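Okay, here's what each chain looks like letter by letter:
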Amino acid sequence: MKIKDLIISQIKKKGQIDVGEFIELCQFSDNGYYINNNPIGQNNDFITSPEISQMFGEIIGVFLINFWEKHIQRDFNLIELGPGAGTLTEDIIRVATINKDFLNSTNLFLIEKNQVLIKKQKDRLSNLNVKNLKWCKNFDIKNDKPSIVYSNEFFDCFPIRQFFRKQKWYEKIIKYNNSKKLFNFESEEIKNEKLLQSLEKFNYAGVAEISKTRKNYYDSVCKFIKNNKGIFFTIDYGYKTFPKNFSLQTIHRHKKTHLFDNLGNQDITAHVNFDELIKVANYNKLTIESFSNQKDFLLGCGLKERKEQLQNNQDEIVSKKIELDYERLTSKSQMGDIFKVLITTCL
Ligand SMILES: C[S@@+](CC[C@H](N)C(=O)[O-])C[C@H]1O[C@@H](n2cnc3c(N)ncnc32)[C@H](O)[C@@H]1O
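Here the structure is a predicted model, which is why all the values come from computation and not from measurement.

A. How the structure looks around the overall build of the chain. Of regular secondary structure, the chain possesses 13 helices and 16 strands. Counting only C-alpha atoms and orienting by the principal axes, one finds that the chain spans roughly 65 × 45 × 35 Å. Expressed as a percentage of its 347 residues, the buried residues of the chain come to 39%. Residue pairs at least 24 apart in sequence account for 76% of intrachain contacts in the chain once pairs closer than 6 positions are excluded.

B. Quick peek at the nonpolar core. Of all hydrophobic cores here, the largest spans 72 residues; its most connected members are Ile-60, Leu-64, Ile-148, Val-149, Cys-222 and Ile-225. Two domains each provide a minimum of three residues to this core, namely domain 1 (3-32 + 161-209) and domain 2 (49-158 + 212-240 + 266-346). By size, the runner-up hydrophobic cluster in this structure holds five residues, among which are Trp-169, Leu-199, Ala-208 and Phe-242.

C. Highlighting the domain arrangement of the chain. When its domains are assigned, the chain resolves into domain 1 (3-32 + 161-209) and domain 2 (49-158 + 212-240 + 266-346). The centre of domain 1, based on its C-alpha atoms, is set 32 Å off from the matching centre of domain 2.

D. Geometry of the sheet that holds strand β12 (residues 255-256). Taken together, three strands build an open sheet; the order of strands is β12-β11-β13 and the sheet is antiparallel. The open sheet terminates on both sides in strands that have one partner only, identified here as β12 and β13 (267-269). Where strand β11 (residues 249-252) and β13 come together, three bridges link them in antiparallel fashion. Bridge pairing in β13 places Ile-251 opposite Asp-267.

E. Highlighting the packing of helix α1 (residues 3-14) against helix α2 (residues 19-28). At a closest axis distance of 9 Å, the pairing of α1 and α2 adopts a crossing angle of 150°. Here α1 is positioned roughly antiparallel relative to α2, judged by the angle of their axes. Where α1 crosses over α2, the two elements pack in a sense that is right-handed. Of the residues in α2, those touching α1 at Ile-3, Leu-6, Ile-7 and Gln-10 are Glu-21, Phe-22, Leu-25 and Cys-26. Broken down by class, the residue content of the contact of α1 with α2 amounts to six nonpolar, one polar and one charged.

F. Molecular detail of the pairing of strand β10 (residues 230-239). Counting buried positions over the ten residues of β10 gives eight, a clear majority of the element. Bridge count between strand β5 (residues 147-152) and β10: six bridges; the pairing is parallel. If you follow Val-149 over to β10, its bridge partner there is Phe-232. Looking at chain direction, β10 and strand β16 (residues 339-346) are connected through eight bridges and run antiparallel.

G. Spatial organisation of the environment of Ile-268. Tracing the backbone through its elements, the reader meets Ile-268 in strand β13. By the C-beta count within 10 Å, which is 24 here, Ile-268 ends up buried. Remark: the alpha-carbon pair of Ile-268 and Asp-156, spanning 112 residues in sequence, is separated by 8.5 Å. Once you skip the residues sitting within four places of it in the chain, Ile-268 turns out to touch Ile-23, Cys-26, Gln-27, Thr-250 and Leu-259.

H. Region of the structure containing α1. A rise of 1.5 Å per residue sets the reference length of α1, with its twelve residues, at 16 Å; its end C-alpha atoms lie 17 Å apart and thus fit the reference within 8%. Directly after α1, the chain includes Gly-15, whose backbone phi takes a positive value near 90°.

I. Spotlight on the environment of Asn-138. If you trace the backbone, Asn-138 turns up in the loop between β4 (132-136) and β5. Taking the C-beta count within 10 Å as the criterion, Asn-138 has 10 such neighbours and is therefore assigned exposed. Measuring from C-alpha to C-alpha, the distance between Asn-138 and Lys-168 comes to 38 Å, with 30 residues separating the pair along the chain.

J. Representation of the environment of Val-280. Secondary-structure assignment places Val-280 in helix α10 (residues 274-283). Considering only alpha carbons, one finds Val-280 and Lys-223, 57 residues apart in sequence, at a separation of 9.7 Å. In this view, Val-280 contacts Lys-215, Tyr-218, Asp-219 and Cys-222; residues no more than four positions away in its chain are not counted.

K. Representation of the packing of helix α12 (residues 303-311) against helix α13 (residues 316-330) within the structure. Running from N to C, α12 and α13 point in directions that differ by 165°, and their axes come no closer than 9 Å. Judged by the angle between their axes, α12 and α13 are roughly antiparallel. Here α12 runs over α13; the crossing is right-handed. Contact residues: Leu-303, Lys-307, Leu-310 and Gln-311 in α12; Ser-319, Ile-322, Tyr-326 and Thr-330 in α13. Class assignment of the residues belonging to the contact of α12 with α13 gives a composition of four nonpolar, three polar and one charged.

L. Representation of the pairing of β11. Across two bridges, β11 lies against β12 in antiparallel orientation. Note on β12: the bridge partner recorded for Ile-251 is Lys-256. The turn joining β11 and β12, which pair antiparallel and follow one another in sequence, is formed by two residues; a positive phi near 50° is taken by Arg-253.

M. Up close: unusual backbone geometry. Phi at Lys-229 is positive, roughly 75°, even though this residue is not glycine. Here Lys-229 shows up in the loop between α9 (212-228) and β10. Accessibility expressed as a C-beta count within 10 Å gives 16 for Lys-229, which makes it partly exposed. For Lys-285, which is not glycine, the phi torsion reads 60° and is therefore positive. Of the residues examined, Lys-285 has 9 C-beta atoms within 10 Å and is grouped as exposed.

Parameters and conventions
Residues numbered from 1 in each chain as written. Predicted model: local features only at pLDDT ≥ 70, side-chain atom pairs only at ≥ 80, totals over all residues. Helix = DSSP H or I, 4+ residues; strand = E, 2+ residues; numbered from the N terminus. Buried ≥ 20, exposed ≤ 12 C-beta atoms within 10 Å, placed from the backbone. Contact = placed C-beta atoms within 7 Å. Core = buried A, V, L, I, M, F, W, Y, C linked by C-beta atoms within 7 Å. Domains from an automatic or database assignment. Pairing = 2+ DSSP bridges. Axes fitted to C-alpha atoms, helices over the stretch in contact; angles between N-to-C directions. Parallel < 35°, antiparallel > 145°, perpendicular 65-115°, else oblique. Left-handed = near helix turned anticlockwise from the far one by under 90°. Nonpolar A, V, L, I, M, F, W, Y, C, P; charged D, E, K, R; others polar. Expected span 1.5 Å × (residues − 1).

Here it is, written out as structure tokens:
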């Protein structure tokens, strides 16, 4: 069934749906954007840090390999959530060729729902020189080996519900106007006491975005790390203090669009509430090793030095390109500040 018809049939059945249900149908139903599309790249909808420069994956690679040398040094799981084009993992494994013990101990798991991207990842990564390599649609790894779990721009894909406050709290909901053949937003007053309580912490902001599925997913990985020991490394668009306006964003071919455009054929993301993720990690008794913006993390781990090394002996054009990529990853007006890095561990 076409996604538009699927959404209309759900609305007819229930009278209305919330924004989260709308996103779920657009992105994760059988023909959804994150099931059957290749969203990443200059000729597609958006570009991510690993695609901008090899330096990004190299810095993360060195960081994770150092962690393994210091705290694991044995057979382990290396797990990427949402590997996209596979570039980050490819860069990490290339860096790891300096440490044969690391590669010989690596059981690599790629957690991916998207069939088009799984094929792309298999073409690219199947020959990697690791001990074991496996793809999984869900995070259901059933061994107790110590683990390194990492993700970039994964948690911003989860559906969110949107709420706003005008003396009382309301939720944005979606209906379908049959005569005009259009979707439209309406609002519904929140009466549910439990939900009202969870919205209280957003009173100062007057708006809120809540993702139960994101929280539950993060929680399940925390529980896994608590049991297996290891590190959970997350980079994403996000905030610690809610920014007082909705962050939901839709992108098609690198341009901003409306939620009701290009159904199942555009990127829909919302900034990640890192305050909530930190609370989940604390609840699971993981240690918060660090929380910073992308700029501070990358520079603290030697990005500037790596950039200068790559620029060495290059002509002006190549050197300028490396400089621009570096700027894009670290400048506060680009990806340096809006992206956050949360590192939690259990040793
Ligand atoms: C925005 S892309 C980022 C890709 C890659 N990490 C990068 O930085 O280039 C999100 C990735 O997560 C995958 N994805 C999104 N939600 C997922 C889920 N619930 N389970 C598994 N994979 C998911 C997408 O198919 C895609 O590969």
